[in-house]
Amino acid sequence: MNKVYVKHSIVPKLRRFTPWVYANEIDSDPEEFQSGEVVALFSKKDGFLGTAYVNPKCAIFARILSFGKEEIGKKFFHNRIKRAIAKREALLHVNNAVRLIHSEADFLPGLIVDKYGDALSVQINTAGMEAFRELIISTLKHLMNPSWIVEKSDVHSREIEGLESKNGTLFGTPMKQFTLLENGLNFLVDIEDAQKTGFYLDQRKNRAICASYIKENDTVLDLCCNAGGFGIYALSKGAKNAVFVDISESAIEQTKANLEANAMEHFEAYAADAFTFMKEKKYKNSFDLIVLDPPSFAKTKEQANGAKRGFKHLLMESTKAVKDSGLIALFSCSFHVGKKELLEIAMEVSHDLKVQYILLEQMQQDSDHPCLINASASFYLNGLLLRVEK
């Protein structure tokens, strides 16, 4: 195992179990190392610091696999994957779709695995994980005995890592449609063609939280609805009507299929851009609950300011459209616009529209998408449930 020397200044960071080392934090020549190579991290003053894989093509030069001296091979992956599965045991008893492996938070950076019944959806997003592709797949087969493994690796992440895009069946017979069961509701998932790894499992807990505030005969707007989860939950709790909006026509078709799968009839569904839709409809005091769950507006730090302007605009329009004492659920799935930024945006809109917001709930991703406190980027999903006092 080759050695990579890091600057003494970042040793305290690594001692706090921060899992990333950036290219400007190393004291070695990055060109000496291969993409995906496993190395030992050292400080010239402090000695051994951890075992990592590296990629000289990336700003994140090293991702730490272990803060101990471990051989990264069959035993390592068997133990890490087995342990990740065991952590989801409680959820696996009550859900037929669960995230099994969540990258850094399961100490397998660059690897994501979701379970849909007896099928697995896999993302291998880094050169370090790509180097162990066959070992990862064989371990998943051994531990889970899946009928199908489909790869849905993130194209953008692999491009940054200098990897070719890879998607499609890795093993078994493809499943055209899967019926996901969540808190008594049915969601139809076309795993191979759906966004991300199949379904937004990370919002499971938040769908239930928002639905718990629904009263009989409430009206709901599910903006950027994707598969319609929030609105369908609301209808199941007694809402009399739900309006679903998403820019993707296929998302709206999926939402309609999910409504039909739950025998729900009182809804409107529109394939439209959320900004244009709210501008054209000019709703005033019309809804008891509005859910704003847009796609990531800020994939990079440089995009954060533009993203905040987008969030502010949607929150302003939603505040006009919600009833007095109505609720707005505002979500960001970007680390660059986190809880602090959402609260700042809400304070600005409160001032501009002369309304007050009462914070009822602070929300984040469900427990099968855990946050690693040493890696701030793992706190990627944040939500506020606000009561609007006009």
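Everything here concerns the structure above.
Below: a short report on this structure.

## Regarding the nonpolar core
Y116, L180, I191, F199 and F331 are the most contacted members of the largest nonpolar core, which has 41 residues in total. By residue number, the principal contributor to this core is helix α8 (residues 229–236), which donates 5 residues. If we ignore the near neighbours within four places in the chain, the residues touching F199 are Y116, L180, E182, F187, V189, R207 and A227. Counting 31 residues, the second largest nonpolar core, distinct from the first, contains L223, V245, F311 and Y357.

## Quick word on the state of the cysteines
Within the structure shown, the criterion is met by 0 disulfides. Summary of cysteine pairing: C210 is not part of a disulfide, and the nearest cysteine sulfur, belonging to C224, is at 14 Å. Looking at the unpaired C225, the closest cysteine sulfur is the one in C224, lying at 8.1 Å.

## A word on the packing of helix α7 (residues 204–211) against α8
Packed helices, taken two at a time, are described by the angle between their axes plus the distance between the axes. The geometry of α7 relative to α8 is characterised by a closest axis approach of 9 Å and an angle of 40 degrees between their N-to-C directions. Between α7 and α8, the interaxial angle falls into the category oblique. Crossing geometry of α7 relative to α8 is assigned as right-handed. Facing R204, N206, R207, A208, C210 and A211 of α7, the residues of α8 in contact are G229, F230, Y233 and A234.

## Digging into helix α5 (residues 133–144)
Given a rise of 1.5 Å per residue, 12 residues ought to cover 16 Å, and the 16 Å separating the end C-alpha atoms of α5 matches this to within 8%. Among the residues of α5, R133, I136, I137, T139, L140 and M144 are the ones counted as buried. Viewed end-on, α5 has its buried residues packed into an arc of 160 degrees, placing them on one side of the element. Looking at α5, the residues exposed on the side facing more than 90 degrees away from the buried face are E134 and H142. Looking one or two residues past α5, N145 carries a phi angle of roughly 50 degrees, positive in sign.

## Topic: the pairing of strand β6 (residues 97–102)
Burial within β6 is extensive, with 6 of its 6 residues counted as buried. Of the pairings in the sheet, the one linking β6 to strand β7 (residues 111–116) comprises 5 bridges and is antiparallel in character. Within β7, the position partnered with A97 by the bridge is Y116.

## Quick look at the environment of S147
The topology assignment puts S147 in the loop between α5 and β9 (148–152). Judged by its relative accessible area of 32%, S147 falls in the partly exposed class. A sequence separation of 83 residues divides S147 from I64, and the C-alpha atoms of the two residues are 32 Å apart. Residues contacting S147, with those up to four places away along its chain left out, are D118, A119, F171, G172 and T173.

Criteria and thresholds
- Residues numbered from 1 in each chain as written.
- Predicted model: local features only at pLDDT ≥ 70, side-chain atom pairs only at ≥ 80, totals over all residues.
- Heavy atoms only, no water.
- Core = buried A, V, L, I, M, F, W, Y, C linked by side-chain atoms within 4.5 Å.
- Buried < 20%, exposed > 50% of the residue type's maximum accessible area, 1.4 Å probe, protein only.
- Helix = DSSP H or I, 4+ residues; strand = E, 2+ residues; numbered from the N terminus.
- Contact = heavy atoms within 4.5 Å.
- Disulfide = S-S within 2.5 Å.
- Axes fitted to C-alpha atoms, helices over the stretch in contact; angles between N-to-C directions.
- Parallel < 35°, antiparallel > 145°, perpendicular 65-115°, else oblique.
- Left-handed = near helix turned anticlockwise from the far one by under 90°.
- Expected span 1.5 Å × (residues − 1).
- Arc of directions from axis to C-beta.
- Pairing = 2+ DSSP bridges.

Read these as layout, nothing more, since geometry by itself doesn't imply function.
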